[in-house]
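Chain by chain, the residues:
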Amino acid sequence: MIMKKKNLILAATAAAMIAAMTGCSGGAEETTAAETTAAETTAAETEAEETEADETTAAEETEAAGEETEAAGEAGAENGTLEAVANMSADGELAQIIEAGKIVLGTSPDFAPWEFQDVSSGTTEYVGSDIELAKYIAQRLGVELEIKPMEFGAILQALASDTIDMGISGFAYTEERAEAAGLSDPYNQNSAAGQGILVLKDQTADYNTAETFAGKKIAAQNASLQMQLVQAQLPADVEIQPVTTVSEGVLMLINGRVDAVAVSGDNGISLSESYPEVAMAEFKFDYENDGNVVAVKKSEEELLGAINEIMADVNSEGLYEQWKADAVELAQSLGIETD
């Protein structure tokens, strides 16, 4: 009886152990399965996040590329029609200007209405018909305009030293300038006033030939066409008084420090309106009016070609004449004398 009870106890214990072992085994398998499912879920979520991030980055890159393309298109919209730009070399100055996004202008801003200063706003702004021409050239090239003011006689030197890209300052064509720089096709060609000399108003008839200036003291802007004409066409004993600005020469004439001032016909007419004491002499230099030119460095044929393309439109559309009329009106409103 005792033996039978022991056997029953052993059987029950064994059954309990088997049941316990079975229960533990089932729990482990369930835990492992749960962990596997969780890991797979995490991996899927990570992959989804990475995919979303990649898609976002790709979208951002596409948008950025689109903006760059649009910006490039806007920058090139104006210059894209220029043959000189389409055919430019990769390492030339024209390409460098477009890549840099700016063109540097050298000008002498003391020559209203061509180029002068407007300080009415409290800051110095360079204005005038030549400045508008420079802005138009920059616009057509798809770049910004940077203005460097300097003395008139220093502009060609600044071109040679690569300090500036172009010079616009009422330049007339001369052989000497053509040897030192590349000169554009002319603009501002509508004037028939030629080149002449300002004298006191009551002496205009006294100066009717070149010989009547013999022994006289004549003011002329340094490095100007007028200075060259005085040297070439007036008697050798004429004394030339270099001046920085034409207006300076006019004041010297009124004050008796010089006998005359060499000027362009347009300038002389305008100055005689501002200074009633002076007028144009009957004598005129022998000079065919060819308008004005833009100067670039001597070797920069591609840049010169682009400017000439632009100049053709300026001339055919009469743009410069409008800019000049606006500049005269602005100068008068500011009380600035026009040369």
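In case you missed it, the structure is sitting above this.
Now for a description of the structure that goes with this document. Note that this is a predicted model, so its numbers are computed, not measured.

Here the focus is the overall build of the chain. Secondary structure summary: the chain contains 11 helices and 12 strands in total. Relative to its 339 residues, the chain shows a buried fraction of 39%. Roughly 17900 Å² of accessible area belongs to the chain as shown, and the carbon and sulfur atoms make up 51% of that amount.

Read from one edge of the open sheet, 5 strands run 4-1-5-12-6, paired in mixed fashion. Of all the strands in the sheet, the pair left with one neighbour each is strand 4 (144-149) and strand 6 (182-183). Most of the contacts of helix 4 (residues 129-141) go to strand 4, to which it runs at about 145°, and overall it touches strand 1 (102-107), strand 4 and strand 5 (166-167).

Here helix 9 (residues 265-274) has its buried residues at Gly265, Asn267, Gly268, Ser270 and Leu271. Against the buried residues of helix 9 lie strand 7 (195-200), helix 8 (246-254), strand 10 (260-264) and strand 11 (278-284).

All right, on to the layout of surface pockets then. Considered as a void within the structure, the largest pocket measures approximately 220 Å³ in volume. Forming the boundary of the largest pocket are 13 residues, of which Leu156, Glu176, Arg177, Ala223 and Gln228 lie nearest the centre. Secondary structure elements with two or more residues in the lining of the largest pocket: helix 5 (155-160), helix 6 (175-180) and helix 7 (225-233). Its residues placed into classes, the lining of the largest pocket shows 6 nonpolar, 5 polar and 2 charged.

Glancing now at empty space enclosed by the protein. Scanning all chains against the criterion turns up 1 cavity of 30 Å³ or more. Here the largest cavity defines a volume of roughly 310 Å³. Along the wall of the largest cavity there are 26 residues; nearest its centre are Gly170, Gln195, Gln226, Ser264 and Asn292. When contributions to the lining of the largest cavity are tallied by element, the ones reaching two or more residues are helix 7, strand 10 and helix 9. The element that contributes the greatest number of residues to the lining of the largest cavity is helix 9, accounting for 3 residues. By residue class, the composition of the lining of the largest cavity is 9 nonpolar, 15 polar and 2 charged.

Each value, and the rule that gives it
The residue numbers shown here count from 1 along each chain, following its written sequence. Residues qualify for local features only when their pLDDT is at least 70, as the model is predicted, and side-chain atom pairs are given and counted only at 80 or more; totals for whole chains, interfaces and linings, by contrast, use all residues. Excluded from the side-chain calculations are hydrogens and water; all other atoms, namely the structure's heavy atoms, are used. Secondary structure counts use DSSP, requiring at least four H or I residues in a row for a helix and at least two E residues in a row for a strand, with both numbered from the N terminus. Burial classification: accessible surface area is computed with a 1.4 Å probe over protein chains only, and a residue below 20% of its type maximum counts as buried, one above 50% as exposed, and the rest as partly exposed. With residues, only the protein chains shown are counted as cover, and all accessible areas are computed by Shrake-Rupley using a 1.4 Å probe. Any two strands between which DSSP finds at least two bridges are classified as paired. Any two residues whose heavy atoms approach within 4.5 Å are treated as being in contact. Interaxial angle, 0 to 180 degrees, is taken between N-to-C directions of lines fitted to C-alpha atoms, where a helix line uses only the stretch in contact. A pocket, in this scheme, is an open set of points on a 1 Å grid over the protein atoms alone with protein on both sides within 12 Å along at least 5 of 7 lines, while a cavity is a set where a 1.4 Å probe fits but cannot get out; residues line either one if an atom lies within 4 Å of a point. Grid points are joined across faces, edges and corners, and a volume is the space filled by probe spheres set on the points. Put simply, Ala, Val, Leu, Ile, Met, Phe, Trp, Tyr, Cys and Pro go in the nonpolar bin, Asp, Glu, Lys and Arg in the charged bin, and everything else, Gly too, in the polar bin.

Treat this as a map of the structure, not an account of what it does.
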